[in-house]
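Topology and contacts: notes
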Amino acid sequence: MANKILYPLIAVLALVAGFVGYHFLQPSHTPEHTLLYPQPRVLADFQLTSHTGSVVSRDQLYGQWTLAFVGYTYCPDICPLTLAQLAGLHDDLQKHVPEPLNIWFVSVDPNRDTPAQLASYVQYFQQTAITGVTAGHDQLFPFVRQLGLMYAMSSTTDEHYLVDHSASIVLINPKGQLVAMFKPELVEGRVPTVRSEDLLADFPWVIRQLARS
């Protein structure tokens, strides 16, 4: 009688052990180009101007997820490629969060990127999910720096001057806190942009990790 009970029990335990072993032997997703901050970083308040001409502050980050990156409308490569990518991936990324997912294009060239110029630019890529924002450098520089990004103006005497800037994309949670950074793949001879396949794989991974914390 004891053996009749013992054998099925051993079989069940072996099945459970096999399942657990299989689970832990499966390769886990390890993002190569994504930084998840150990603790969310609170953003200091700021005051920017959107492409509609309205004032934008930290309050506009609450209640939504925000993917933000810096650039300018006269950028020849990184910015149009990144905006086209984010516009194309928006609906797929939105599926992973219950709150609205918005995209902020932070122009670091306020001299040329007026609200009207920004509006024309961002609406070319997406009519509703992208917000263009900018400000004077006194507001702009500290805001960009606290995002963990950077920009540097070259001489503006040339009409077609360029602006050096980061190619990373940052993620801000619905509490207005910086939680992650998606970094570009750096390959010689290629424009440094965040790869679509990395963003599609790493964005849900980040959301899962945040849900566990």
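Given the structure is predicted, the values throughout are model-derived calculations rather than measurements. (Residues numbered from 1 in each chain as written. Predicted model: local features only at pLDDT ≥ 70, side-chain atom pairs only at ≥ 80, totals over all residues. Heavy atoms only, no water.)

This part is about the overall build of the chain. Per the secondary structure count, the chain includes five helices and ten strands. As displayed, the chain has an accessible area near 11800 Å², and 57% of this comes from carbon and sulfur atoms. (Helix = DSSP H or I, 4+ residues; strand = E, 2+ residues; numbered from the N terminus. Areas by Shrake-Rupley, 256 points an atom, 1.4 Å probe, with all protein chains shown as cover.)

Mapped onto the elements of the fold, V106 is located in strand β5 (residues 101–107). As for V106 and A68, which are separated by 38 residues in sequence, their C-alpha atoms are 7.1 Å apart. In contact with V106, not counting residues within four places along its chain, are F69, V70, G71, V133, L140, F143 and V144. (Contact = heavy atoms within 4.5 Å.)

Let us look at the sheet that holds strand β4 (residues 65–71). Sheet architecture is open: eight strands sit in the order β1-β10-β9-β4-β5-β6-β2-β3, paired in mixed fashion. A single partner strand is all that each edge strand has here, and the edge strands are β1 (34–42) and β3 (55–56). Where strand β2 (residues 48–50) lies against β3, two bridges are found, and the strand directions are antiparallel. The residue bridging T49 from the neighbouring strand is V55, located in β3. Across the sheet, helix α4 (residues 137–146) touches β1, β2, β4, β5, β6 (130–134) and β10 (177–182), and the angle it forms with β5 is around 130°. (Pairing = 2+ DSSP bridges. Axes fitted to C-alpha atoms, helices over the stretch in contact; angles between N-to-C directions.)

Along the polypeptide, S50 turns up in strand β2. A distance of 2.7 Å separates the side chain of S50 from the side chain of T52, its partner in a polar contact. Not counting chain neighbours up to four residues away, the residues in contact with S50 comprise V56, P115, T131, G132 and V133. (Polar contact = N/O pair within 3.5 Å; in protein donor to acceptor, adjacent residues only side chain to side chain.)

Put simply, helix α2 (residues 78–94) and helix α5 (residues 196–212) touch, their axes get as near as 11 Å, and they point 25° apart. Taken together, the axes of α2 and α5 are roughly parallel relative to one another. Like other packed secondary-structure pairs, α2 and α5 cross with a definite hand, here right-handed. On α5, the residues touching Q85, L86, L89, D92 and L93 of α2 are S196, L199, L200 and F203. Residues that form the contact of α2 with α5 fall into these classes: six nonpolar, two polar and one charged. (Parallel < 35°, antiparallel > 145°, perpendicular 65-115°, else oblique. Left-handed = near helix turned anticlockwise from the far one by under 90°. Nonpolar A, V, L, I, M, F, W, Y, C, P; charged D, E, K, R; others polar.)

So, about the packing of aromatic side chains. Scanning all chains against the criterion turns up eight aromatic pairs. Between the aromatic rings of F69 and F105, the centroid separation amounts to 5.4 Å while the plane-to-plane angle is 50°, which identifies the pairing as tilted. In this pair, F69 is assigned in strand β4 and F105 in strand β5, connecting sequence segments 36 residues apart. Ring centres of F141 and Y151 lie 5.9 Å apart, and the angle between their planes is 70°; on these two criteria the pair is classed as edge-to-face. With F141 in helix α4 and Y151 in strand β7 (residues 151–153), the pair connects residues that are ten residues apart, well separated along the chain. In this structure, R112 packs its charged tip against the face of Y74, placed 4.4 Å from the ring centre. The cationic tip of R112 hangs over the ring face of Y161; the distance from NZ or CZ to the ring centre is 3.6 Å. (Phe/Tyr/Trp six-rings, centres within 6.5 Å; stacked < 30°, edge-to-face > 60°. Lys NZ or Arg CZ within 6 Å of the ring centre and 35° of its normal.)

Right, let's get into the nonpolar core. Ranked by size, the top nonpolar core spans 58 residues in total, and within it L67, F105, L171, F182 and F203 carry the most contacts. Per-element tally for this core: the top contributor is α2, with seven residues. Dropping the residues within four chain positions of it, F182 is found in contact with H33, T34, L67, S168, I169, L171, V194, L199, D202, F203 and V206. (Core = buried A, V, L, I, M, F, W, Y, C linked by side-chain atoms within 4.5 Å. Buried < 20%, exposed > 50% of the residue type's maximum accessible area, 1.4 Å probe, protein only.)

Let us now look at the environment of Q47. Mapped onto the elements of the fold, Q47 is located in the loop between β1 and β2. Not counting chain neighbours up to four residues away, the residues in contact with Q47 comprise V55, V56, A135 and Q139.

Attention shifts here to the confidence of the model for the chain. Chain-level statistics for the chain give a pLDDT mean of 87 and a share of 86% at 70 or above. Confidence over residues 1–27 falls short of pLDDT 50; this stretch has one contact with residues more than four positions distant or in other chains. (pLDDT = per-residue confidence, 0-100.)

A few words now on α5. Here α5 is 17 residues long and its end C-alpha atoms lie 25 Å apart, about the 24 Å a rise of 1.5 Å per residue gives. Of the positions making up α5, those classed as buried are D198, L199, D202, F203, P204, W205, V206 and I207. (Expected span 1.5 Å × (residues − 1).)

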